[in-house]
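Each chain, letter by letter, is given below.
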Amino acid sequence: MVITIVVVVSGSIVDILGKRIYKGLLRVENGRIVDIKEKEDVQSVYILPGLVDAHIHIESSLLVPSQYAKLALSHGVIAAICDPHEIGNVMGKEGIEFMLSDGKKVKFKFYFGAPPCVPATEFERSGAELGVSEIEELLGRDDVKFLSEVMDVQGVLTKRDDLIRKMEIAKSLKKPIDGHAPKLTGDLLIKYVKSGITTDHEVTNIDEAKEKIEAGLKIILRDGSASKDFQNLYPLIKEYPSMCMIGSDDKSPDDLKKGYLDFSVKLALSRGIDIFDVLYAAILNPALHYGLEIGLLRINDPADFIVVDNLRDLKILKTYVDGILVYSDNCLLFEDVKPEKINNFLAEKIKEEDIWIPVKGKRIRVIKVEEGSILTGTSLETVTEKDGLAVSDVKRDILKVVLLDRYSKEKRVRCGFVKGFGLKEGAMATSVSHDSHHIVAVGCEDRDIVEAVNMVVESKGGMAFYSKRLAEFIPLPIGGLMSDLDSFDVASRYENLNRVLVDCGVSLSHPYMTLSFVALPVIPELRITTRGLFDVGLKRWVDLFL
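Residues numbered from 1 in each chain as written. Predicted model: local features only at pLDDT ≥ 70, side-chain atom pairs only at ≥ 80, totals over all residues. Heavy atoms only, no water.

A. Layout of the overall build of the protein chain. The helix and strand inventory of the protein chain stands at 16 helices and 29 strands. Counting only C-alpha atoms, the protein chain reaches 80 × 50 × 45 Å along its principal axes. Considering the protein chain as a whole, with its 546 residues, one finds that 63% of them fall into the buried category. Taking as baseline every contact in the protein chain between residues at least 6 positions apart, the subset at least 24 positions apart corresponds to 69%. As displayed, the protein chain has an accessible area near 20400 Å², and 48% of this comes from carbon and sulfur atoms. When the 71 positive and 83 negative side-chain charges of the protein chain are each reduced to one mean point, those points stand 1 Å apart. (Helix = DSSP H or I, 4+ residues; strand = E, 2+ residues; numbered from the N terminus. Buried < 20%, exposed > 50% of the residue type's maximum accessible area, 1.4 Å probe, protein only. Contact = heavy atoms within 4.5 Å. Areas by Shrake-Rupley, 256 points an atom, 1.4 Å probe, with all protein chains shown as cover. Lys, Arg positive; Asp, Glu negative; His and termini not counted. Charge placed at Lys NZ, Arg CZ, Asp CG, Glu CD.)

B. Examining the pattern of salt bridges more closely. Throughout the structure, instances matching the rule amount to 42 salt bridges. Among the ionic pairs, Asp304 bridges to Lys109, the shortest N-O distance being 2.7 Å. Here Lys109 lies in strand E7 (residues 109-114) and Asp304 lies in the loop between helix H13 (275-290) and strand E13 (305-308), a separation of 195 residues in the sequence. The exposure classification of Asp304 matches that of Lys109, with both residues buried. Two residues, Lys400 and Asp446, come together in a salt bridge whose shortest N-O distance is 3.0 Å. A residue pair is termed long-range when its members are at least 10 positions apart, and Lys400 in strand E21 (residues 398-404) and Asp446 in helix H14 (residues 446-458) qualify at 46 residues. By the burial criterion, Lys400 is buried, and Asp446 matches it. (Salt bridge = Lys/Arg side-chain N within 4 Å of Asp/Glu carboxyl O.)

C. Examining the nonpolar core more closely. In terms of nonpolar packing, the biggest core is built from 182 residues, with Tyr68, Phe108 and Val150 touching the most fellow members. Per element, the largest residue contribution to this core is eleven residues, and it comes from H13. In this structure, Phe108 is in contact with Tyr68, Ala69, Ala72, Leu73, Val77, Ile78, Ala79, Ala80, Gly103 and Val321, ignoring residues within four places of it in sequence. Among the nonpolar cores identified, the runner-up in size contains 16 residues, and Val9, Ile13, Tyr22 and Ile36 belong to it. (Core = buried A, V, L, I, M, F, W, Y, C linked by side-chain atoms within 4.5 Å.)

D. The arrangement of the environment of Pro521 in detail. Position of Pro521 relative to the elements: it lies in the loop between helix H16 (511-516) and strand E27 (526-529). Here the alpha-carbon distance between Pro521 and Glu340, two residues 181 residues apart in the chain, equals 31 Å. If we skip the residues at most four places from it in the chain, Pro521 touches Thr121, Glu124, Arg527, Thr529, Phe534 and Val536.

E. Spatial organisation of the side chain of Ser74. Mapped onto the elements of the fold, Ser74 is located in the loop between helix H1 (65-73) and strand E6 (77-82). Note on Ser74: relative accessible area 14%, which makes it buried. A polar atom in the side chain of Ser74 sits 2.6 Å from the backbone oxygen of Leu71. Not counting chain neighbours up to four residues away, the residues in contact with Ser74 comprise Ile316 and Tyr327. (Polar contact = N/O pair within 3.5 Å; in protein donor to acceptor, adjacent residues only side chain to side chain.)

F. Main features of the environment of Gly420. Checked against the element boundaries, Gly420 lands in the loop between strand E22 (413-419) and strand E23 (427-430). Gly420 has contacts with Val369, Asp397, Ser507 and Leu508, leaving out every residue within four places of it along the chain.

G. Seen up close, helix H6 (residues 161-172). With twelve residues, H6 should cover 16 Å at 1.5 Å per step; its first-to-last C-alpha distance of 16 Å lies within 8% of that length. Turning to H6, its buried residues are Leu163, Lys166, Met167, Ile169 and Ala170. Seen from one end, H6 has its buried residues packed into an arc of 155°, which puts them on one side. Exposed residues pointing more than 90 degrees away from the buried face of H6 are listed as Asp161 and Ser172. The inward-facing, buried residues of H6 abut helix H4 (132-139), strand E8 (144-150), helix H5 (153-157) and strand E9 (177-179). Of the residues flanking the end of H6, it is Lys174, one or two places downstream, whose phi is positive at about 60°. (Expected span 1.5 Å × (residues − 1). Arc of directions from axis to C-beta.)

H. Inspection of the sheet that holds E9 at higher detail. Taken in spatial order, the five strands of this open sheet run E5-E6-E7-E8-E9, and their pairing is parallel. Bordering the open sheet on either side are strand E5 (51-56) and E9, each of which pairs with just one other strand. Across this sheet, the average inter-strand angle for adjacent strands is 25°, counted without regard to direction. With four bridges joining them, E5 and E6 adopt parallel strand pairing. When the bridges of E6 are listed, Val52 appears paired with Ala79. Where helix H12 (residues 261-270) meets the sheet, its contacts fall on E5 and E6, and the angle it forms with E5 comes to roughly 105°. (Pairing = 2+ DSSP bridges. Axes fitted to C-alpha atoms, helices over the stretch in contact; angles between N-to-C directions.)

I. Region of interest: H13. Its 16 residues give H13 an end-to-end C-alpha distance of 22 Å, which sits within 8% of 22 Å, the value for a rise of 1.5 Å per residue. Buried residues dominate H13, accounting for 15 of its 16 residues. Its side-chain oxygen at 3.0 Å from the backbone nitrogen of Phe276, Asp274 defines the N-terminal cap of H13.

J. Geometry of the environment of Ser60. Summarising the element assignment, Ser60 is placed in the loop between E5 and H1. Between the C-alpha atom of Ser60 and that of Pro253, which follows or precedes it by 193 residues, the distance is 8.3 Å. Residues in contact with Ser60, not counting those within four places in the same chain, are Asp250, Lys251, Ser252, His434 and Met513. A distance of 2.4 Å separates the side chain of Ser60 from the side chain of Asp250, its partner in a polar contact.

K. Local environment of the packing of aromatic side chains. Scanning the entire structure with this criterion turns up eleven aromatic pairs. Ring geometry for Tyr68 and Phe110: centres 5.9 Å apart, planes at 50°, overall tilted. In this pair, Tyr68 sits in helix H1 while Phe110 sits in strand E7, placing the two residues 42 residues apart along the sequence. Both residues of the pair, Tyr68 and Phe110, belong to the buried class. Their ring planes at 75° and their centres at 5.7 Å tell us that Phe123 and Trp541 sit as a pair that is edge-to-face. Placement of Phe123 in the loop between E7 and H4 and of Trp541 in strand E29 (residues 540-542) is noted, with a sequence separation of 418 residues between them. One aromatic cluster is present, built from ring pairs that chain together Tyr68, Phe108, Phe110, Phe112 and Tyr260. A cation over an aromatic ring shows up here: Lys266 above the ring of Phe263, its NZ or CZ 4.7 Å from the ring centre. (Phe/Tyr/Trp six-rings, centres within 6.5 Å; stacked < 30°, edge-to-face > 60°. Lys NZ or Arg CZ within 6 Å of the ring centre and 35° of its normal.)

If you want it as structure tokens, here you go:
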């Protein structure tokens, strides 16, 4: 006997394709919309297609896909374009297969890409490599929808053989190619776009965005935790409604808990952007660009939609995926699944003498971080010396930064200094450090730094804080990137960790997210790597001392 599952929902239907809002009733059978009728006597709610995150690294939420889905669904997000680049750099193809498998365990529409830049750059060492054959195998799968961000801009411009071959495979399969081109302009931008790149999410200002749109790129307006570019870029939606999408890139668990794309949509609406233009960016454009199998409130479409209180507050009342009610009135309606634990972690504990910096000059290059940005600068500072060693200077907010190679037992440690954290006591350390995910730490005293690093090493991954007064820790046993705990529990622990840092003087809203980008040698300007300080603009390593 065949059982037919019927769902009937009424309200004001937001038809983004027809650009109209009308009162009506949806009839759903076995996961698809079978009838839509206009009807006056309906509930005083609004029905919209589910939101789509156009670019995210799930791993940066510290959650496995099945746990990330819980927070996303509570904010009306039913699908995400996911770049598994982080776990790829740690675990290679095994890590990507883990993400694909875990995502299929829940009612959420994950669309994963094949990351072409593993390792992210020739200037850093990672835990795995994805060659041409691996990318070809991944792109040949139906559940891998695109070639994810091509981070090696120089490799594209110089037509590096293996990278171009990966891009040609994607083109032959008619799968989109995502870009990653911070501050790229002029003739080099045109050359980059002509190679087959279709998107960019690294835009930070209106003029850069306009030049890239005119060159043919679709722009993903980033509303993440460390980078909140959407707040400056949202006017583009009005001028270029078909060329904009909204993505988070990297979103911390506490931010996911508080708000997500629903907040981005609400912000744009509150600033006077037309609702249909906003919904094009938040739903339709990514659906069309990536060829997603999601519903758009049409007969025969998958029944993917959300019910909200009104189009001003956008409180998510219900979320449906394939006709299944997965979120209703602050409750998630599916059970947890236990994730598999995979990892690649060889680093061993360090000692204070491993991070000593003998003084070799009077001035040093200091990495400068800023609130709301993953870009860094270079600050030239006078060294603070103690017993012949360069040390942190808390009064000037110049703190020692340490990077430990997680893929070696040989205690490969590099040290430098960073400015902008504001930390007054203790040290913080994390095994989430883009994109190779070595252990990176910053602190006021060597003893505290060593203790924080060793907390991470002992658990083979995690986020730590250590001072004389207290110690806090979030274990990340899955690839050293993700927790095996409930999403709300992880969010609460992350919030507590941030509160501790605020009490210790940190002024950044997302200090661990900011710290995680200090080691990323593909975005300007000064970074720390397993081979020392790296100047991204100059494309070479530079000495700490001038």
